Amino acid sequence: WFSILAQKYYAAALYGSGVKAFSQGNLDGTESLFARAIRFDKRDIYLRSVADLGISRLQQIVLNTSAPPDELRARFQNTLAETIQSAQDASAANPADGANWMALGRIYEAVIPFGIQGVADLAQSAYAKAGEVFPTNPEPLLASARVKIAKNDLPKAREFLQKSISLKPDYAEAHFLMAQLEAATGNISLAIQSAETTALLAPNDVGVLFQLGLLYYQNQNFNEARSVFERAV
């Protein structure tokens, strides 16, 4: 019993050091520490963190312009497969924790722009699983809306956002995305309403203020636009 407890304690210490390394941008050090932690204690939170690290690795590969394209393509495919496997292992280790399904969904969502067949549906499925175990959490619904927007299914995206807001009326992220959706479909007045709500909920968010000011400008509400842009500045 003492040996098992010691292993878990050591794994937790390694994981903590890995989180610190990740916050400092040391991906290699993070990967090594997380891997060692998992060898001693295969907890879902450790596996989930490896998946989050994998997303950063994928972003790093995409931004690399010095390596040959074939090499980058192979690295991307291998890293993606390993990242998905880590998230799947986390979900299998603890399917009752919606955070694991959210992590899996984020991976699939992150690669939607690359045109990989089926990943949008896989992201949607993972977020649906998260919603099943997190029925009162609006985040899976917001994530599902993002996937629908990526697939250009705006009516369904709006439906997910409305459900998300009904669960948490002060959910700034959902109001912000709703404003973007309404603006994209030409509903400027509704977009302004959503953006105004977001600005009340997140009064110091420069991105929110800029979007609200832009919407006012598009609607020829120039005095309001000037006031909001000045706040943003």
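Up top is the structure.
These notes cover the structure that comes with them. On a predicted model such as this, the values are computed, not experimentally measured, just so you know. (Residues numbered from 1 in each chain as written. Predicted model: local features only at pLDDT ≥ 70, side-chain atom pairs only at ≥ 80, totals over all residues. Heavy atoms only, no water.)

**Re the layout of surface pockets**
Put simply, the rule reads: Using protein atoms alone on a 1 Å grid, points that fit a 1.4 Å probe yet trap it form a cavity, whereas open point sets bounded by protein on both sides within 12 Å along at least five of seven lines form a pocket; residues with an atom within 4 Å of a point count as lining. Grid points are joined across faces, edges and corners, and a volume is the space filled by probe spheres set on the points. Each helix is a run of DSSP H or I of at least 4 residues and each strand a run of E of at least 2, with the numbering of both proceeding from the N terminus. All amino acids are sorted into three groups, where Ala, Val, Leu, Ile, Met, Phe, Trp, Tyr, Cys and Pro are nonpolar, Asp, Glu, Lys and Arg are charged, and the leftover types, Gly among them, are polar.
Taken as a whole, the largest pocket encloses approximately 270 Å³ of empty space. Counting only elements with at least two residues in the lining of the largest pocket, the list comes to helix H2 (27–40), helix H3 (44–63) and helix H4 (69–93). Residue contributions to the lining of the largest pocket peak at 5 residues, all from H3. Tallied by class, residues from the lining of the largest pocket come to 6 nonpolar, 4 polar and 3 charged. In terms of lining residues, the second largest pocket is bounded by 13 residues, among which Tyr 127, Ala 128, Gly 131, Pro 140 and Leu 141 are the most central. If you tally residues by element for the lining of the second largest pocket, the top one is helix H6 (residues 119–133), at 4 residues. Its residues assigned to classes, the lining of the second largest pocket shows 8 nonpolar, 4 polar and 1 charged.

**Quick word on H6**
This is how the line gets drawn: In a helix, the anticipated span is given by 1.5 Å times the number of residues less one. Buried, partly exposed and exposed residues are distinguished by accessible area as a fraction of the type maximum, computed with a 1.4 Å probe on protein chains only: under 20%, between the cut-offs, and over 50%, respectively. Directions pointing from the helix axis toward each C-beta atom define the arc.
With 15 residues, H6 extends 22 Å from end C-alpha to end C-alpha; this agrees with the ideal 21 Å at 1.5 Å per step. Those residues of H6 that sit buried are Val 119, Ala 120, Ala 123, Gln 124, Ala 126, Tyr 127 and Ala 130. For H6, the angular spread of buried residues about the axis comes to 165°, placing them on one side.

**Some remarks on the nonpolar core**
Stated formally: Definition used in this section: a nonpolar core is a set of buried Ala, Val, Leu, Ile, Met, Phe, Trp, Tyr and Cys residues joined via side-chain atoms within 4.5 Å. Residue contacts are defined here by distance: any two heavy atoms, one from each residue, within 4.5 Å place the two residues in contact.
Counting residues in each nonpolar core, the largest one holds 25 residues, and the members touching the most others are Leu 80, Leu 104 and Ile 107. Of all the secondary-structure elements, those providing two or more residues to this core are H3, H4, helix H5 (98–110), H6 and helix H7 (139–150). If one sorts the elements of this core by residue count, H6 sits on top with 6 residues. Setting aside residues no more than four positions away along its own chain, Leu 80 makes contact with Leu 58, Ile 107, Val 111 and Ile 116.

**Observations concerning the packing of helix H11 (residues 206–218) against helix H12 (residues 222–232)**
The line we're drawing: Axis geometry follows a simple rule: fit a line to the C-alpha atoms, using only the stretch in contact for helices, then measure angles between N-to-C directions, giving values from 0 to 180 degrees. Roughly parallel refers to an angle under 35 degrees, roughly antiparallel to one over 145, roughly perpendicular to one between 65 and 115, and oblique to any angle outside these ranges. Less than a right angle of anticlockwise turn of the near helix away from the far helix marks a crossing as left-handed, whereas a clockwise turn marks it as right-handed.
Close contact between H11 and H12 brings their axes to 8 Å; oriented N to C, the two are set at 160°. The angle between H11 and H12 falls in the class roughly antiparallel. Crossing geometry of H11 relative to H12 is assigned as left-handed. Here Val 206, Leu 209, Phe 210, Leu 212, Gly 213, Leu 214, Tyr 216 and Tyr 217 of H11 come into contact with H12, specifically with Phe 222, Glu 224, Ala 225, Val 228, Phe 229, Arg 231 and Ala 232. Class assignment of the residues belonging to the contact of H11 with H12 gives a composition of 12 nonpolar, 1 polar and 2 charged.

**Focus on H7**
Its 12 residues place the ends of H7 17 Å apart at the C-alpha level, agreeing with the 16 Å of an ideal helix rising 1.5 Å per residue. Turning to H7, the residues buried within the fold contact H5, H6, helix H8 (154–167) and helix H9 (172–184). One or two positions beyond H7, positive phi appears at Asn 152, with a value near 65°.

**Considerations on the side chain of His 175**
With respect to the helices and strands, the residue His 175 is situated in helix H9. Owing to a relative accessible area of 9%, His 175 belongs among the buried residues under this scheme. With residues near it in sequence (within four places) discarded, His 175 still touches Ile 165, Pro 169, Ser 194, Thr 197, Thr 198 and Leu 201.

The quantities given are spatial measurements derived from coordinates; they are silent on function.
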